[in-house]
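Geometric and topological summary
Below, each chain spelled out in residue letters.
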Amino acid sequence: MDISRRKFVTLGAAGAALAGMAGLAGCAPTASSANAKTADAAAEGDWLGTAPALTVDDCVRTEETDVLVVGSALAGSMAAYGALKNGAKVTVLERNSCPHIGGMTISFFNSKTQLDAGLPKYSTVETANDMFNLTQYRSDMRLNTLWCERSGELLDSLKEDFLEPYGQYYQPLSLEGIFPDPSQEITSYISTGVAFSETDILTDFTHNIHTYLEDEGVQTFYDTCAEVLVQDENGAVTGVIATNADGEHVHYHAAKGVVMCTGSFGSNEAMMRKFYTTHFAEWALQNNAYQAYMGDDPVTDTNMDDGRGHQMLCWAGAEMEEICGYAAWQTTAWRSFPYLLVNTKGERFMNECTSLLTSAHIVADQPGHGNYVWQIIPSNDFEMPSSFGYDREAAAEMFKIEQTEHYEADSIEELAKLIDVDPDTLATTVKRYNELCEKGEDTDYAKAPRYLDPIDDGPYQAWKMTYLFYCTLSGVRCNDKLQVLDANWDPIPGLYAGGNTVGYRFGGSYESLLHGGSNGLAATHAYVAGESAAER
């Protein structure tokens, strides 16, 4: 591996990395009986539904393993890695024909790899506390601290076992010095992200890690969809019944444990309406882009994020958290460049520096509950800084900016007509915004002065900023061994979870302190889950 690929760079120069999402490949049935139950549950408003009436006697055969991992994306691969490193025979089930993953970065904390690259060493206490604060005091601080204590070790182990031997690109990223006065920013960031691609999502990483795992003896069954957990007379989980591409039921017996890494429930209408507010649930269902992170990989199961993994866990005795987080962000226009934003009425409605990862609910709540707003930009020479450290030229290439719907006009009133908003309203909004910029103080939304640029130099532009929903970030309660807990907070023997099936990691939405934070939590928690199962 070329030494230049090891050195850390600033985010803008790296062209990097939206904060990564653990968009995990869930395992859920394609069998018609199971899908019918899911559809019926949605129609009735019963999010949990009923477990398929399948037994081992319905299966054509039994496959034996020590640790069974359900789901093959980032959490699934790290769970398999954790179990493998601890001497277990590992089997992975994946409902699709290949693994997939969201995002471009994974967050790690105080690894030797990062420290050797010159990145700062952070305080565990300060970081864990900040994570807790940014999740509205809803996250389980044991899980925050577990990431702080174990994620660096995970990266260093991956570097030795996989990244270097397999020539996998990796690059610790620095956010140091991007913000002249961090106290003026809405969002805080620390340099925990590691990129695993220069230009793409984590497709290569995902495929390469599975090549490594399979070279080490991990067996993966694709196009194989988990339907129900198997439990003994005492309630201990002993395996899974799954349906393969031929429609056959197969019993996978796990001598040590099952790790559920089944991702989002974003396409399950009943679950979305149960765990999210009315407007946001409707918005998310209409604008679900979960499959975006499949890249060029084939999608054989188009209903992947249907929440069956969460249902399976709850059928086995687990309980869902009641306040659920989400991942959604802008997909067009000048993302992270805080130009004036207006809604479809032509009114300003937020501090434009609010993180792209945490602001979708604000957009969803606007009049009309649509999925877009407008950036209003002057044609002067003001160099608007990014609120996430992007270089404008690199951002234009990365965001394919010219593909964004945008308009230009010589007056604000003409521009308003082009974007179908009331000309008088937009003119009033721009006038007020210009007054705030001239004063150098945003007394409406308290945007930092360095981002205040008046819309006073035509021609004027409007860029359509579209928001999409990607996945849910919520699940069941687990302890610090990632054992799944029942209603009495007792571990369900043999049952573990990782990634977006794990609850109490976020509050009402993503938090953006960690660069690639959702992926970082998913990777670390799943690794510990696999480790715990193997040691059982």
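Basis of the calculations
Residues numbered from 1 in each chain as written. Predicted model: local features only at pLDDT ≥ 70, side-chain atom pairs only at ≥ 80, totals over all residues. Heavy atoms only, no water. Phe/Tyr/Trp six-rings, centres within 6.5 Å; stacked < 30°, edge-to-face > 60°. Helix = DSSP H or I, 4+ residues; strand = E, 2+ residues; numbered from the N terminus. Buried < 20%, exposed > 50% of the residue type's maximum accessible area, 1.4 Å probe, protein only. Lys NZ or Arg CZ within 6 Å of the ring centre and 35° of its normal. Polar contact = N/O pair within 3.5 Å; in protein donor to acceptor, adjacent residues only side chain to side chain. Patch = residues over 30% accessible without salt bridge, like charges linked within 9 Å, V, L, I, M, F, W, Y side chains within 5 Å. Areas by Shrake-Rupley, 256 points an atom, 1.4 Å probe, with all protein chains shown as cover. Salt bridge = Lys/Arg side-chain N within 4 Å of Asp/Glu carboxyl O. Lys, Arg positive; Asp, Glu negative; His and termini not counted. Charge placed at Lys NZ, Arg CZ, Asp CG, Glu CD. Contact = heavy atoms within 4.5 Å. UniProt positions renumbered as here; feature names shortened; annotations may be inferred. Core = buried A, V, L, I, M, F, W, Y, C linked by side-chain atoms within 4.5 Å. Domains from an automatic or database assignment. Pairing = 2+ DSSP bridges. Right-handed = clockwise from strand over helix to strand, strands pointing away. Buried area = accessible area lost by both parts, 1.4 Å probe. Nonpolar A, V, L, I, M, F, W, Y, C, P; charged D, E, K, R; others polar.

**A closer look at the packing of aromatic side chains**
Inspection of every chain in the model, using the stated rule, returns 28 aromatic pairs. With a centroid separation of 4.5 Å and 40° between ring planes, the pair formed by Phe280 and Tyr326 is classed as tilted. Here Tyr326 lies in strand β11 (residues 326-330) and Phe280 lies in helix α9 (residues 278-286), a separation of 46 residues in the sequence. You can call Phe280 buried: its relative accessible area is 5%. On the basis of relative accessible area, Tyr326 is assigned to the buried category, the value being 2%. Consider the rings of Tyr372 and Trp374, whose centres lie 5.9 Å apart with planes at 80°: the pair is edge-to-face. Take Trp374: its relative accessible area is 3%, and that puts it in the buried class. Aromatic ring contacts, followed pair by pair, group Trp47, Phe265, Phe275, Tyr276, Phe280, Trp283, Tyr326 and Phe469 into a single cluster. Across the ring face of Trp334, the terminal group of Arg392 is positioned such that the distance to the ring centre comes to 3.9 Å. A cation over an aromatic ring shows up here: Arg477 above the ring of Tyr504, its NZ or CZ 4.0 Å from the ring centre.

**Quick notes on the side chain of Ser174**
Within the secondary structure, Ser174 is located in strand β5 (residues 171-174). Reaching out from Ser174, the side chain makes a polar contact with the backbone nitrogen of Glu176 at a distance of 3.2 Å.

**Regarding a negative patch on the surface**
Judged by side-chain charge, Glu408, Asp410, Glu413, Glu414, Asp422 and Asp424 come together as a negatively charged surface patch. The residue Glu408 is located in strand β14 (residues 406-409) in this model.

**Some thoughts on the environment of Val342**
Examined against the element boundaries, Val342 turns out to sit in strand β12 (residues 340-342). In this structure the C-alpha to C-alpha distance between Val342 and Arg450, which are 108 residues apart in sequence, comes to 20 Å. Setting aside chain neighbours within four positions, we find Val342 in contact with Glu347, Arg348, Phe349, Val373, Trp374, Ile376, Leu426 and Thr429.

**A short note on the UniProt feature "domain: FAD-dependent oxidoreductase 2 FAD-binding" (unreviewed entry) in the protein chain**
The feature "domain: FAD-dependent oxidoreductase 2 FAD-binding" (unreviewed entry), as given by UniProt, occupies residues 66-511 in the numbering adopted here. End-to-end, the C-alpha atoms of residues 66-511 are 35 Å apart, and along that stretch the chain is 28% helix and 20% strand.

**Description of the pattern of salt bridges**
Taken as a whole and assessed by the stated rule, the structure comprises 16 salt bridges. In this structure, Glu185 and Arg450 form a salt bridge, with 3.4 Å as the shortest nitrogen-oxygen distance. Residue Glu185 is found in the loop between β5 and β6 (193-195), and its partner Arg450 is found in the loop between α14 (423-439) and β15 (460-472); the two are separated by 265 residues along the sequence. Take Arg450: its relative accessible area is 28%, and that puts it in the partly exposed class. Residues joined by salt bridges that share partners form a network here, namely Arg348, Glu352, Asp442 and Lys447.

**Some thoughts on the nonpolar core**
Counting residues in hydrophobic clusters, the biggest one holds 114 residues, and the most contacted among them are Met78, Phe196 and Phe205. No fewer than three residues from each of domain 1 (49-325 + 473-535) and domain 2 (327-469) sit in this core. Those residues within four positions of Met78 in sequence are excluded, and the remaining contacts are Leu154, Leu158, Phe205, Ile209, Ala523, Ala526 and Tyr527. Counting residues in each nonpolar core, the second largest holds 27 residues, with Cys148, Ile190, Tyr293 and Leu473 among its members.

**Some details on the pairing of strand β2 (residues 61-70)**
Of the strand pairs in this sheet, β2 and strand β10 (residues 249-260) are connected by 9 bridges, and their pairing is parallel. Within β10, the position partnered with Leu68 by the bridge is Val258. The sheet contact formed by β2 and strand β3 (residues 90-93) spans 4 bridges and is parallel. Within the sheet, the bridge partner assigned to Val67 lies in β3 and is Val90. Taken together, β2, helix α3 (residues 74-85) and β3 constitute a β-α-β crossover, and its handedness is right-handed.

**Re the pairing of β10**
Within β10, 9 of the 12 residues are buried, which leaves the element mostly enclosed by the surrounding structure. In terms of strand pairing, strand β9 (residues 237-243) meets β10 through 5 bridges, oriented antiparallel. If you follow Thr243 over to β10, its bridge partner there is His249.

**Details of the domain arrangement of the protein chain**
Under the domain assignment used here, the protein chain contains domain 1 (49-325 + 473-535) and domain 2 (327-469). Here the C-alpha centre of domain 2 lies 34 Å away from the C-alpha centre of domain 1. For domain 1, the biggest contributors to the area lost against domain 2 are Ile186, Trp283 and Tyr510; these three give 27% of the whole. Linking domain 1 to domain 2 there are 1 salt bridge. One can count 8 residue pairs in polar contact (both at pLDDT 80 or more) joining domain 1 with domain 2. Counted by class, the side of domain 1 that touches domain 2 contains 15 nonpolar, 9 polar and 2 charged residues.

**What to know about the environment of Tyr407**
Topologically, Tyr407 is positioned in strand β14. Along the sequence, Tyr407 and Ser379 sit 28 residues apart, while their C-alpha atoms lie 12 Å from each other. Not counting residues up to four positions away in its chain, the partners in contact with Tyr407 are Trp374, Leu415, Leu418, Ile419, Tyr460, Gln461 and Ala462.

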